[in-house]
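Take a look at the letters that make up each chain.
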Amino acid sequence: MSLPAAAEIEQMTPMLRQYYELKLQCGDAILFFRMGDFFEIFGRDAEDVAPVLELVLTSRERGDQQRIPFCGVPHHSARNYYLKLLKKGYKIAIADQMEDPAEAKGLVRREIVRTLTPGCIDDPDGLERDAPNYLMAVHEDPDTKAWACLAADLSTGELRIGRLSSLTELRGYVERFQPKELLARKFFHDEIKTLLSSYMVDRRLLVEPLPEAPLRDRAEQKVMLTEVLGKQDLDSQPSGAVPGGEALVTATLFYFRSLQASLQQFMNVRPLHESNTMVLDETAVRDLELFETVRRRQTEGSLFREINRTLSPMGARLLRFFLGHPLIDAAQIRARHAAVRSLVSLGEERLAEIRVSLKGMGDLDRLATRIFGLSAAPQELARVIDSLEKAKWIVENLTGEKGEKLPEDLYKAVAVGLKFYKLPLKILSEALCDQPQALGTGLGVFRPGYDMTLDGLNEIARSGEGAVDAYQETLKQRTGIGSLKIKFHKTFGYLIEVTKPNLARVPPDFIRRQTMVNCERFVTVELQELGETLVSATDNALAREGELYSALLGELAKFRMDVKSVAHALATFDLLQSFAWTALRRAYVEPRLSDDGKVELRGSRHPVVERYVGRHAFTPNDVSISTEKKHLLITGPNMAGKSTVMRQTALAAILCQIGSFVPAESVRLPVFDRIFTRVGAADDLSRGQSTFMVEMAEAAAILRNATPRSLVILDEVGRGTSTTDGLALAFAILQDLSRRVRCYTLFATHYHELVELTADMQGIRPMQTEVVDRSGRIAFTHRLKDGASDSSYGLEVARLAGLPETVLAAATQFLAQVPQPKAPTPRRLQGASAVPAAQSQISAQNVVLERLAKLNVNRLTPLQALNILAELQGGSTAARSAPLFPEESC
């Protein structure tokens, strides 16, 4: 925060001195400073946000012969502007006028009435519809030195906590939850920003101090946890005990409360990772393009966008959650498949009717939070009523072939939720329930007869309006001025407008109030008295209505568990119907879980690629993996479909384990505990890591964490270094996966030598993407079949890509002149001790010639040449036992 010096501020106008007093209180927040009908922004804040908000940046005198930059927005539309800033990661402070300017003596008193941060938004208009809005917090327990990590969504009441093995693990959780704000103790901020620097390159993440006082006050922790969650510790919560957890939860809730946010929506603390779901790391999420494409980071082209046929915001968010956390419990997966099967059996016509009833469903999760926080507008409450009405219709009209309710959970939840539904339905006005989107706060919220006092005040207000109309007609007749009008003005109340041509006919009892360009405005004693009566009645009616509405919200807050239950059930149902609709429209089939561990995909398709190229243009593939041959070694040229078939296999597993049907003719899959990928090349220069370093780091993570129940996708491992080193690493990684890890593996490579090198490994099955020669030109069928490809067809692919023929001719000539290296045998890669007796009879002469042929003379130093020559002179045994790869790199 950069502020003028205190002496400099003293020279400014009283208004700007007040502004900077408040600016000092709100720190780095953008201060919206109320001045009459506008909120104004000054100084550096104005320079920062004017281009973001597309406002004109101007300046004004500041009292010391200098000017200060400023911009402003109308107070009635300020919400739209600060919500836009919040979405872009800014922190906002609202300073409002605390007294009527007309009655203020001197400078109008202003105070900061609300501070808003990107992770503390409960207004649905400021939130992404289909994504959660997380705030994260981390804390190191001083006693155990263990790190705790928390994720909270203020808009829905979701609260999760778990333990980190170290602070570095935070990066993975940030990638997974993608918070808008992160809390940590101030002295950890630099370390955390360095750790998350690559994440923050293209994402704005606000890092704020974690409140210190609650971290050390155990008594305060017990009071806060009991008040909000009903328990004074985490032992009885779904999350279980976490070292430092009580301190972290309390500090986070304290932070929310300091921003005047409601805490009523928080009802329990769940674990950071659910034990019945899979951990998908950020690499797999990125490589499989679950939520956005790799190249352009757009949702268009992602799996989420392709299969999202939900019709409610909470259904879309639930789909997003399960895509990132597939189920690993077979019983739960089968139950979800059964529910989707029931909905598919209804057919497209009936399911379309259900989808119509879901359209326009309100965001019950977030709207309920507004109700419990006593901040919901009447139209938001009416939206909840409308959503419960839709849910009621669904459970009353949705039955299976045998008459059973579908789904049972929704039926039970809505039955409970109707207790909430009936209460406001009886007392809210019919107009509010019929057209909630067209109404705001004000008169007309409650039905007539609900409150006699309110009815009386409304009647006075209505009769007063009629009296004003009648008085206007009286004045027209008395003065003969047919164009005379009575209008209400905010400052002067009711005024009589007379156009200038009629001013000569104005009676003496008209009292002049304003002179305008085309008319003059007057008042009479009778009109003043009538206006005061009408304004008083209207104000009293609004005040009474506000009291009754606040009391209603307080009463409805008692039903928070019921409404949350309905919201979750509706989200689940919306998710299931989305799966069913996609299955019917895209010809997806129900997968079966294989108890024998086999993978059998028949006619498997990539859900996104087939959409773009067309169903008939896409070539389906069969993928079969047995427990004896769990590793597919796939060779073939670029563009032949290796990456696509591997990705679609992983996507089939994810779709199966979130409960969806799968794009294929038939599917049998085991339940995978993890899915790992290493696809393509990517730098992480912000952390000083090259493409090859990133590749090796991701491969290392796979080798450390994969189990026999994991699915591993590896594409072109070892291409980021020299050919010899890359081949050695690819061989060693594949060997380790096969012999030690024994996971399910799809390993694509251009190292055709690997086929021969792994020939004696029992668990590896060579596969290839088919290439056919048509009149001297190759063509790709994109079919996966048994066997190995003998070439990468690099020149042919280059020709298809449009490389000039002169370049291709030069490359062809080069290949003809340069001898191709002979592939090393598997035994040589494993060392001389494994060389069979037959190979030991190779003549010393041949060995020496072979080794000499592999030397790069231009790269040898004189000393290296002398050492190699002495070694060769020492005899054939030394020549044969020398490792192959170090000389090739010379």
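Residues numbered from 1 in each chain as written. Predicted model: local features only at pLDDT ≥ 70, side-chain atom pairs only at ≥ 80, totals over all residues. Heavy atoms only, no water.

## Re unusual backbone geometry
As a reminder of what qualifies: Runs of E in the DSSP output that reach at least two residues are strands. Runs of H or I that reach at least four are helices, and both are numbered from the N terminus.
The phi dihedral of Q260 falls on the positive side, at around 60 degrees, and the residue is not glycine. Relative to the helices and strands, Q260 is located in the loop between α9 (245-258) and β12 (270-271). Positive phi, close to 60 degrees, is recorded for L374, a residue that is not glycine. With respect to the helices and strands, L374 occurs in the loop between α15 (364-372) and α16 (378-397).

## What to know about the pattern of salt bridges
Worth spelling out the cut-off: The salt bridge criterion pairs a side-chain nitrogen of Lys or Arg with a carboxyl oxygen of Asp or Glu, the two atoms within 4 Å. For each residue, the accessible area found with a 1.4 Å probe, counting protein chains only, is set against the maximum for its type, and the residue is called buried under 20%, exposed over 50%, and partly exposed in between.
Evaluation of the coordinates by the stated rule reveals 53 salt bridges. Among the ionic pairs, E459 bridges to R462, the shortest N-O distance being 3.3 Å. Highlighted residues: E459 and R462, both in helix α19 (residues 452-479), separated by three residues, approximately one helical turn. Residue K476 is joined to E473 by a salt bridge in which the shortest nitrogen-to-oxygen separation is 3.8 Å. Separated by three residues within a single helix, K476 and E473 lie in helix α19, roughly one turn from each other. Note on E473: relative accessible area 39%, which makes it partly exposed.

## So, helix α24 (residues 691-705)
Where we set the bar: To estimate how far a helix should extend, the number of its residues minus one is multiplied by 1.5 Å. Contact definition: two residues touch when any of their heavy atoms are within 4.5 Å.
Counted at 1.5 Å a residue, the expected span for α24 with its 15 residues is 21 Å, and the 21 Å between its end C-alpha atoms agrees. Inspection of α24 places V694, E695, M696, E698, A699, I702 and L703 among the buried residues, and these make up the whole buried set. Of the surrounding elements, those touching the buried residues of α24 are α10 (282-287), β22 (675-678), β23 (711-715) and α25 (723-741).

## A look at the sheet that holds strand β7 (residues 135-140)
Here is the rule we go by: Between any two strands, at least two bridges found by DSSP are needed for them to pair. Geometry is summarised by axes, namely lines fitted to C-alpha atoms with helices restricted to the contacting stretch, and by angles between N-to-C directions that run from 0 to 180 degrees.
Strand order in this open sheet of six strands is β11-β10-β7-β8-β9-β12, and the pairing throughout is mixed. Single-partner strands in this sheet number two, and they are β11 (206-209) and β12. Pairing geometry for strand β10 (residues 181-184) and β11, over four bridges, is parallel. In the sheet register, E181 faces β11, and the bridge partner there is L206. Here helix α5 (residues 170-177) sits on the sheet in contact with β7, β8 (147-153), β9 (158-164) and β10, set at roughly 165 degrees to β7.

## Looking at the environment of L530
Considering the arrangement of structural elements, one finds L530 in helix α20 (residues 525-556). Sequence spacing of L530 and Y494 is 36 residues, and the spatial spacing of their C-alpha atoms is 8.8 Å. Setting aside its immediate chain neighbours within four residues, L530 contacts A467, V468 and Y471.

## Some points on the sheet that holds β23
Spatially, the six strands line up as an open sheet ordered β22-β23-β24-β20-β25-β26, and their pairing is mixed. Of all strands in the sheet, those with a lone pairing partner are β22 and β26 (777-786), marking the two edges. Each strand of the sheet is rotated relative to its neighbour by a mean of 15 degrees, with strand direction disregarded. Note: β22 against β23, four bridges, orientation parallel. By the bridge assignment for β23, F676 is matched with V712. α24 rests against β22 and β23 of the sheet, and its axis sits at about 160 degrees to β22.

## Describing the side chain of N502
With respect to the helices, strands and loops of the structure, N502 is situated in the loop between β14 (493-499) and β15 (511-515). In this structure N502 touches I481 and S483, once residues within four positions along its chain are discounted.

## Quick notes on the environment of L423
In this structure, L423 sits in helix α17 (residues 408-427). Along the primary structure L423 and L556 are separated by 133 residues, whereas in three dimensions their C-alpha atoms are 8.0 Å apart. Residues contacting L423, with those up to four places away along its chain left out, are E555, L556 and F559.

## Structural notes on the packing of helix α14 (residues 347-358) against helix α21 (residues 560-586)
For any two helices packed against each other, one specifies the crossing angle of their axes together with the interaxial distance. Spelled out, the test is: Handedness of a helix crossing follows the sense of rotation of the near helix relative to the far helix, less than a right angle counterclockwise being left-handed and clockwise being right-handed. Nonpolar residues are Ala, Val, Leu, Ile, Met, Phe, Trp, Tyr, Cys and Pro. Charged residues are Asp, Glu, Lys and Arg, and all others, Gly as well, are polar.
It is at 11 Å that the axes of α14 and α21 come closest, and there the two elements cross at 145 degrees. Relative to α21, α14 is oriented so that their crossing is left-handed. Between α14, through G347, E348, L351, A352, I354, R355 and L358, and α21, the contact on the second element is made entirely by F573, D574, Q577, A580, W581, L584 and R585. Here the residues of the contact of α14 with α21 are counted per class, giving eight nonpolar, two polar and four charged.

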